[in-house]
Amino acid sequence: MFNVSEEFFTSLGLEKMPQSFWDNSMITKPANRSVVCHASAWDFYNQKDFRIKMCTDITMEDLITIHHEMGHIQYFLQYKDQPVSFRDGANPGFHEAVGDVLALSVSTPGHLKKIGLLKTVQDDYEADINYMLSIALDKIAFLPFGYLMDAYRWSIFSGETKMDDLNKKWWQLRECLQGISPPLSRPKTSFDAGAKYHIPANVPYIRYFISVILQFQLHEKLCEVANQTGPLHKCDIYQSKEAGAVLGDMLKLGSSKPWPEALEIITGTSKLSASSLVKYFKPLIDWLKANNTGHRVGWDMDTCPFQLPLQHDLLAILQKWPETATSNGNSCGTGFSLILVLCTVKYTFSPYI
């Protein structure tokens, strides 16, 4: 699985993993000691020692995770000759996006057939919708969670959420932004947010929200460079040296340039935009519009017991969704469906992190 991931990177003309990576990485769970299995990539800042720590299972999910983690390693390799202070991503969202951009190609049925993981590919409308829905359940369903994780952390740091209300605030955000309720009443003495690794580990999370927006924007432009003319959800940049060269030029900068300049190298614009994400899922949006007709989708925002203390309030914009959609000339339907989340991101996302 790691060799398959490495071969995707080298097919683009990017760097191979150094021998020290294979010698020092932990890619299976040790039998003789307890370890933290959360997958992670490590740069030892000596220009030669880069490692992944992961308890790998032989699953499609872990194949995608490997591409994500190896994307971090590729970024390390590309900017290793920068001064130490510039050996970092253009911003944290860029670091998270690199491997996931490639995973958008890796997960396509056409690519899985190329590398021998699928014998046949069913190429029809129903198969396309099923594939896009599987990707949406991973990417789009994640967006409100990616947003609320740091909304929660920031509310604690600002003092808006008190110690006695840590669990209450967590479930308020989960209920209002995700529509998820706990299966039983949760006491204030519990700390359910701590079940998510990044909360007790104090890892900022807005990077993952930004990464989802960014990876589709990069994916569209890399597909253009690779002369892929079909729909975005079928694009596979595998073996495109042209796409790899453009991606490599951005990665080599590390954090030596402001992130808008790094973004412009690939996309031609310094502005983050969710338009590529909407374009990718356009066939699914149309399908959902047709199939949700006559059904109530979502939950009643009027009963939510709180407001987010943020200047660009996602909750407020969602509550005003019909007016927002109309004023922007957008045809997205109302209600808390995938359609709404896809379209709302376009209007609520701010590039400042």
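Before reading on, note that the structure itself is shown above.
Everything quoted here is computed from the prediction, not taken from an experiment.

Observations regarding the layout of surface pockets
The gaps of empty space that remain are located by a probe, the size of a water molecule, rolled over the atoms. In this structure, the largest pocket spans a volume of roughly 1,500 Å³. In terms of lining, the largest pocket is formed by 45 residues, of which the most central are His38, His68, Glu69, Glu96 and Tyr208. Broken down by secondary-structure element, the contributors of at least two residues to the lining of the largest pocket are strand E1 (40-43), helix H3 (60-78), helix H4 (92-106), helix H6 (125-139) and helix H9 (206-225). Among the elements that make up the lining of the largest pocket, the one with the highest residue count is H3 (nine residues).

A few points about the packing of aromatic side chains
On inspection of all chains with the given rule, the structure shows 16 aromatic pairs. With 4.8 Å between their ring centres and 65° between their planes, Tyr280 and Phe281 make a pair best called edge-to-face. Here Tyr280 falls in the buried class, since its relative accessible area comes to 1%. Look at Phe281 and you get buried, because its relative accessible area is 0%. Site record: aromatic cluster; members linked through ring pairs are Phe142, Phe145, Tyr152, Trp170, Tyr205 and Tyr208.

Let's talk about the environment of Ala262
Note that Ala262 resides in helix H11 (residues 259-267). Expressed as a C-alpha distance, the spacing of Ala262 and Phe94, which sit 168 residues apart in the sequence, is 9.4 Å. Here Ala262 is in contact with Ala90, Phe94, Met250 and Leu253, once residues within four sequence places are set aside.

Section: H11
Along H11, the residues classified as buried are Trp259, Ala262, Leu263, Ile266 and Thr267. The arc enclosing the buried residues of H11, seen along the axis, measures out at 120°, which places them on a common side. Looking at the packing, one finds that the buried side of H11 touches H4, H9 and helix H10 (241-252). At the C-terminal side of H11, Gly268 shows a positive phi close to 80°.

A look at the nonpolar core
Of all hydrophobic cores here, the largest spans 85 residues; its most connected members are Ile73, Phe94, Ile237 and Phe281. The biggest single contributor to this core is H9, with eleven residues. Beyond its immediate stretch of four places on either side in the chain, Ile237 contacts Phe8, Leu12, Ser105, Leu222, Cys223, Ala226 and Ala243.

Quick notes on the environment of Gly254
By the secondary structure assignment, Gly254 is in the loop between H10 and H11. With a relative accessible area of 1%, Gly254 lands in the buried category. Sequence spacing of Gly254 and Lys80 is 174 residues, and the spatial spacing of their C-alpha atoms is 8.4 Å. Sequence-distant contacts of Gly254, that is, excluding residues within four places in its chain, are made with Tyr75, Tyr79, Phe86, Asp88, Gly89 and Ala90.

Here's the deal with H9
In a regular helix each residue adds 1.5 Å, so 20 residues correspond to 28 Å; H9 covers 29 Å between its end C-alpha atoms and thus fits that length. Burial within H9 is extensive, with 16 of its 20 residues counted as buried. The positive-phi residue at the C-terminal boundary of H9 is Asn227, with phi of around 60°.

A few points about the pairing of E1
Looking at chain direction, E1 and strand E2 (residues 50-53) are connected through four bridges and run antiparallel. Bridge pairing in E2 places Trp42 opposite Arg51. Taking the residues between adjacent antiparallel strands as the criterion, E1 and E2 are bridged by six residues, where Tyr45 takes a positive phi near 60°.

Focus: the state of the cysteines
Going through the model one piece at a time under the given rule, you end up with two disulfides. Note on cysteine connectivity: Cys37 is disulfide-linked to Cys55, with sulfurs 2.1 Å apart. Judged by the sign of its S-S torsion, about -75°, the cystine formed by Cys37 and Cys55 is left-handed. Of this pair, Cys37 sits in the loop between helix H2 (19-24) and E1 while Cys55 is found in the loop between E2 and H3, placing the two residues 18 residues apart along the sequence. A relative accessible area of 14% places Cys55 in the buried class. Bridging Cys223 to Cys235, the disulfide has an S-S length of 1.9 Å. Between Cys223 and Cys235 the sulfur-sulfur dihedral comes to about -110°; the bridge is accordingly left-handed. With Cys223 in helix H9 and Cys235 in the loop between H9 and H10, the pair connects residues that are twelve residues apart, well separated along the chain.

Reading the values: rules and limits
Residues numbered from 1 in each chain as written. Predicted model: local features only at pLDDT ≥ 70, side-chain atom pairs only at ≥ 80, totals over all residues. Heavy atoms only, no water. 1 Å grid on protein atoms, 1.4 Å probe; cavity = no way out; pocket = protein on both sides within 12 Å on 5 of 7 lines; lining within 4 Å. Points joined across faces, edges and corners; volume = space filled by probe spheres on them. Helix = DSSP H or I, 4+ residues; strand = E, 2+ residues; numbered from the N terminus. Phe/Tyr/Trp six-rings, centres within 6.5 Å; stacked < 30°, edge-to-face > 60°. Buried < 20%, exposed > 50% of the residue type's maximum accessible area, 1.4 Å probe, protein only. Contact = heavy atoms within 4.5 Å. Arc of directions from axis to C-beta. Core = buried A, V, L, I, M, F, W, Y, C linked by side-chain atoms within 4.5 Å. Expected span 1.5 Å × (residues − 1). Pairing = 2+ DSSP bridges. Disulfide = S-S within 2.5 Å.

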